[in-house]
Amino acid sequence: MTATALPIASFARQQPADTATIYLLAGTYTDTGSEGIYVYKFDRHTGALTPVDTASGLSNPSFLVVAPDKKHVYAVGETGDAGKVYALSFDPANGKLQLLNEQPAGGDGPCHINIDSASRNVLVGNYGGGSLSVLPVKEDGSLAAPVQTIQHTGSSIVESRQKAPHVHAVIFSPDGKQLFVPDLGIDKIVVYNYNYENAFQPLTPGTPPAVGIRPGGGPRHFVFHPNGQHAYVVHEISGHITCFHYDTSRLIPFQMVASTPASYKGNKASGADIHISPDGKFLYMSNRGDLNNLAIFRIDARSGKLTPAGHQSTKGKSPRNFLIDPSGAYLLVANQDSDNIIVFKRNKSTGRLTATGQEVSIPKPVCLKMVEAE
C-alpha cells in the first residue's frame with residue numbers, strides 16, 4: 001500500500017477514460033439470503049450491470065470503502081455485538097475479491113468505514129456501541145487490530161432513538177487533516193484532528209470538539225461540496241438537511257431545509273444518504289419510511305444554499321445508499337427492503353432523474369461503491 005500523504009480525493013470527482021472498465025461493488029445484509037459483497041461490471045453507455053463475482057462467507061458486510069490503490073476493499077461486519085472489519089484484495093483486471101483477514105471493530109454494530117488517502121489507517125464508526133476505531137493497514141493490505149477506540153457519551157431528546165450515542169459516519173475533511181463524525185444519538189457532529197504519523201493516537205479532539213444540530217434531528221451521513229467550502233448533513237429522524245460553511249477547520253451552519261415534499265403530511269420519513277453531483281451543482285438525499293424517494297436540490301455556486309428541485313421515486317423500498325457515477329450521467333440506488341438496485345439516467349442541467357429500465361435483484365443491498373480499472 002502506498003504511504004504518500006495526499007489530500008482526500010473522491011473517486012466520483014474524476015472523469016473516467018472512455019475505455020476503462022467500471023465495476024460496481026454492493027455491500028449487503030446477509031440474514032435473508034445474501035452471500036456477501038457482489039461485484040458487477042457497469043456499462044457506461046447503457047447503465048447495464050453484469051454480475052462478475054461475489055465475496056461470500058462474510059457476516060453483514062454492509063458498508064464498504066475502496067482503497068486509493070483500487071486494489072483493496074474494506075467492509076464492516078455489521079453485527080449487533082462484537083462487530084468486525086474485513087480486508088479484501090480486489091483485482092481490477094477481472095473484478096475478483098479475495099478475503100485477506102478480519103479484525104474486531106472495537107464496538108457493536110459498525111455501520112460506516114473510511115480510509116485515509118495515505119492508506120495508513122481504516123476508520124470505523126460503530127453505531128450500536130457509539131464509538132469509532134482506528135485500524136492500521138499492513139503492507140499487504142490486511143488490517144491490524146484497532147490501535148485507538150474512542151467512546152462517545154451523551155443522549156438527546158427522542159427517547160426511542162437517542163438514549164445513547166450512535167456513531168453513523170466517519171468523514172475526512174478535504175485536506176484529510178480532520179475527521180467529522182455525525183452521531184445520531186447525541187445530535188452532534190464530533191470533530192477530530194487526524195495525524196496518521198501518530199501510530200498510537202492518530203485522532204485528537206478538534207477545536208471546537210463538536211458542532212450541534214437541532215435537537216431531535218439525528219445526524220447521519222455527511223458530505224463536503226467539491227469546492228471544499230461547504231458541507232451538508234442528513235437528519236435521519238427529522239428528515240432535514242443542515243448546510244455548513246467550512247472555514248479554517250470549522251463548520252458554521254447557515255441553512256436548514258426539509259427534504260420532504262411540501263404536500264407531505266406523514267411522520268415516517270427517515271433520511272439516509274447524501275451525495276453531490278461531480279459538477280457541484282446538485283445535491284441528492286434519500287428518504288426511506290413511507291416516502292422511498294430522492295430529494296433533489298440545486299446548489300447555489302457562491303453561497304452553497306439549497307433550493308428544492310424535485311423528488312424522484314426510487315422504484316423500491318428503503319433506499320439505503322446511492323451513488324452518482326464518475327461521469328455524472330447516472331445515479332444508482334440500493335433499495336434495501338425491495339432487494340433491488342435501480343439505475344437512473346441523470347439530466348446534468350436540471351438534476352432530474354429518469355429510470356433507464358436497468359435493474360438487478362440482490363438481497364438487502366446497503367452500500368454501493370464504484371471502481372474504475374486502469
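The following refers to the structure shown. Throughout this description, residue numbers start from 1 for each chain and increase along the sequence as written. Given that this is a predicted model, residues contribute local features only at a pLDDT of at least 70 and side-chain atom pairs are listed and counted only at 80 or more, while totals for whole chains, interfaces and linings are drawn from all residues. Side-chain measures here rest on the full set of heavy atoms in the structure, leaving out hydrogens and waters.

### Digging into the overall build of the protein chain
Logical step 1: Runs of H or I in DSSP of at least four residues are treated as helices and runs of E of at least two as strands, each being numbered from the N terminus. Of the regular secondary structure elements, the protein chain holds 0 helices and 28 strands.
Logical step 2: The size measure is the radius of gyration over C-alpha atoms, and the globule rule it meets is 2.2 Å times the number of residues to the 0.38 power. Relative to the 2.2 N^0.38 estimate, which gives 21 Å for 374 residues, the radius of gyration of the protein chain is 19 Å and therefore close to what a compact globule would have.
Logical step 3: The principal-axis extent of the C-alpha atoms belonging to the protein chain is close to 50 × 45 × 40 Å.
Logical step 4: Scored against the burial criterion, the 374 residues of the protein chain give a buried share of 58%.
Logical step 5: Of the contacts formed within the protein chain by residues at least 6 apart in sequence, a portion of 51% connects residues at least 24 apart.
Logical step 6: In this description, accessible areas are obtained by the Shrake-Rupley approach with a 1.4 Å probe, and a residue is regarded as covered only by the protein chains that are shown. As displayed, the protein chain offers around 14600 Å² of accessible surface, 49% of which is attributable to carbon and sulfur atoms.
Logical step 7: The convention is simple: Lys and Arg are positive, Asp and Glu are negative, and His and the chain ends are not counted. The location of each charge is read from NZ of Lys, CZ of Arg, CG of Asp or CD of Glu. In the protein chain, 32 side chains carry a positive charge and 31 a negative one; their mean positions are 8 Å apart. Buried means the residue's accessible area, taken with a 1.4 Å probe over protein chains only, is under 20% of the maximum for its type, while exposed means over 50%, and partly exposed covers the values in between. Residue contacts are defined here by distance: any two heavy atoms, one from each residue, within 4.5 Å place the two residues in contact.

### Overview of the environment of Ile-115
Logical step 1: Inspection of the secondary structure puts Ile-115 in strand β8 (residues 110-115).
Logical step 2: Along the backbone, Ile-115 and Asn-60 are 55 residues apart, and their C-alpha atoms lie at a distance of 19 Å.

### Side note on the nonpolar core
Logical step 1: Nonpolar core, defined: a set of buried Ala, Val, Leu, Ile, Met, Phe, Trp, Tyr and Cys residues in which side-chain atoms within 4.5 Å join the residues together. In this structure, Tyr-74 and Ile-113 are the most contacted members of the largest nonpolar core, which totals 32 residues.
Logical step 2: For this core, the secondary structure elements donating two or more residues are β1 (22-28), β2 (36-42), β4 (64-66), β5 (72-77), β6 (84-91), β8, β9 (121-126) and β28 (365-372).
Logical step 3: By residue number, the principal contributor to this core is β6, which donates 5 residues.
Logical step 4: The residues contacting Ile-113, other than those within four sequence positions of it, are Phe-63, Leu-64, Val-65, Tyr-74, Ala-75, Val-76, Val-85, Val-122, Leu-123, Val-124 and Val-170.
Logical step 5: Ala-26, Tyr-38, Tyr-40 and Leu-323 belong to the second largest nonpolar core, which has 18 residues in total.

### Quick notes on the pairing of strand β20 (residues 271-276)
Logical step 1: The buried fraction of β20 is high, at 5 of 6 residues.
Logical step 2: When DSSP finds at least two bridges between two strands, those strands are taken to pair. Bridge count between β20 and strand β21 (residues 282-287): 4 bridges; the pairing is antiparallel. Within β21, the position partnered with Ile-274 by the bridge is Met-285.
Logical step 3: Two successive antiparallel strands, β20 and β21, enclose a turn made up of 5 residues, where Gly-280 displays a positive phi of approximately 75 degrees.

### A closer look at the packing of aromatic side chains
Where two aromatic rings form a pair, the distance of their centres and the angle of their planes describe that pair.
Logical step 1: Any two rings among Phe, Tyr and Trp, with Trp reduced to its six-membered ring, count as a pair given centres within 6.5 Å; such a pair is stacked if its planes are under 30 degrees apart, edge-to-face if over 60, and tilted if neither. Enumeration over the complete set of coordinates arrives at 9 aromatic pairs.
Logical step 2: Judged by centre distance (5.5 Å) and plane angle (85 degrees), the ring pair of Phe-42 and Tyr-330 falls under edge-to-face. In this pair, Phe-42 sits in strand β2 while Tyr-330 sits in strand β25 (residues 330-335), placing the two residues 288 residues apart along the sequence. Like Tyr-330, Phe-42 is buried.
Logical step 3: Arranged with centres 5.6 Å apart and planes meeting at 70 degrees, the rings of Phe-180 and Phe-224 form a pair that is edge-to-face. Taken together, the residues Phe-180 in strand β13 (residues 178-183) and Phe-224 in strand β16 (residues 219-224) connect sequence positions 44 residues apart. Comparing Phe-180 with Phe-224, the two get one shared label, buried.
Logical step 4: Every member of this aromatic cluster is reached through a ring pair, and the members are Phe-180, Phe-222, Phe-224, Phe-244 and Tyr-246.

### Things to note about the sheet that holds β5
Logical step 1: Taken in spatial order, the 4 strands line up as β4-β5-β6-β7 in an open sheet, and their pairing is antiparallel. Strands with a single pairing partner mark the edges of an open sheet, and in this sheet they are β4 and β7 (96-104). The sheet shows a mean angle of 20 degrees between the axes of neighbouring strands, direction not considered.
Logical step 2: Inspection of the sheet shows β6 paired to β7 by 8 bridges, in the antiparallel sense. Across the sheet, Val-85 pairs through a bridge with Gln-103, a residue of β7. The axes used here are C-alpha line fits, helices contributing only the stretch in contact, and every angle between their N-to-C directions lies in the interval 0 to 180 degrees.

### Here's the deal with the side chain of Arg-220
Logical step 1: Assignment of secondary structure puts Arg-220 in strand β16.
Logical step 2: With relative accessibility at 2%, the residue Arg-220 sits in the buried group.
Logical step 3: Reaching out from Arg-220, the side chain makes a polar contact with the side chain of His-168 at a distance of 2.9 Å.
Logical step 4: Separated by 3.0 Å, the side chain of Arg-220 and the backbone oxygen of Ala-272 make a polar contact.
Logical step 5: Setting aside its immediate chain neighbours within four residues, Arg-220 contacts His-168, Ala-169, Pro-182, Val-233, Val-234, Glu-236, Gly-271, Ala-272, Arg-288 and Arg-320. Under this definition, polar contacts are N or O atom pairs within 3.5 Å; protein pairs additionally need one hydrogen-donor-capable and one acceptor-capable atom, and for neighbouring residues in sequence, both atoms have to be side-chain atoms.

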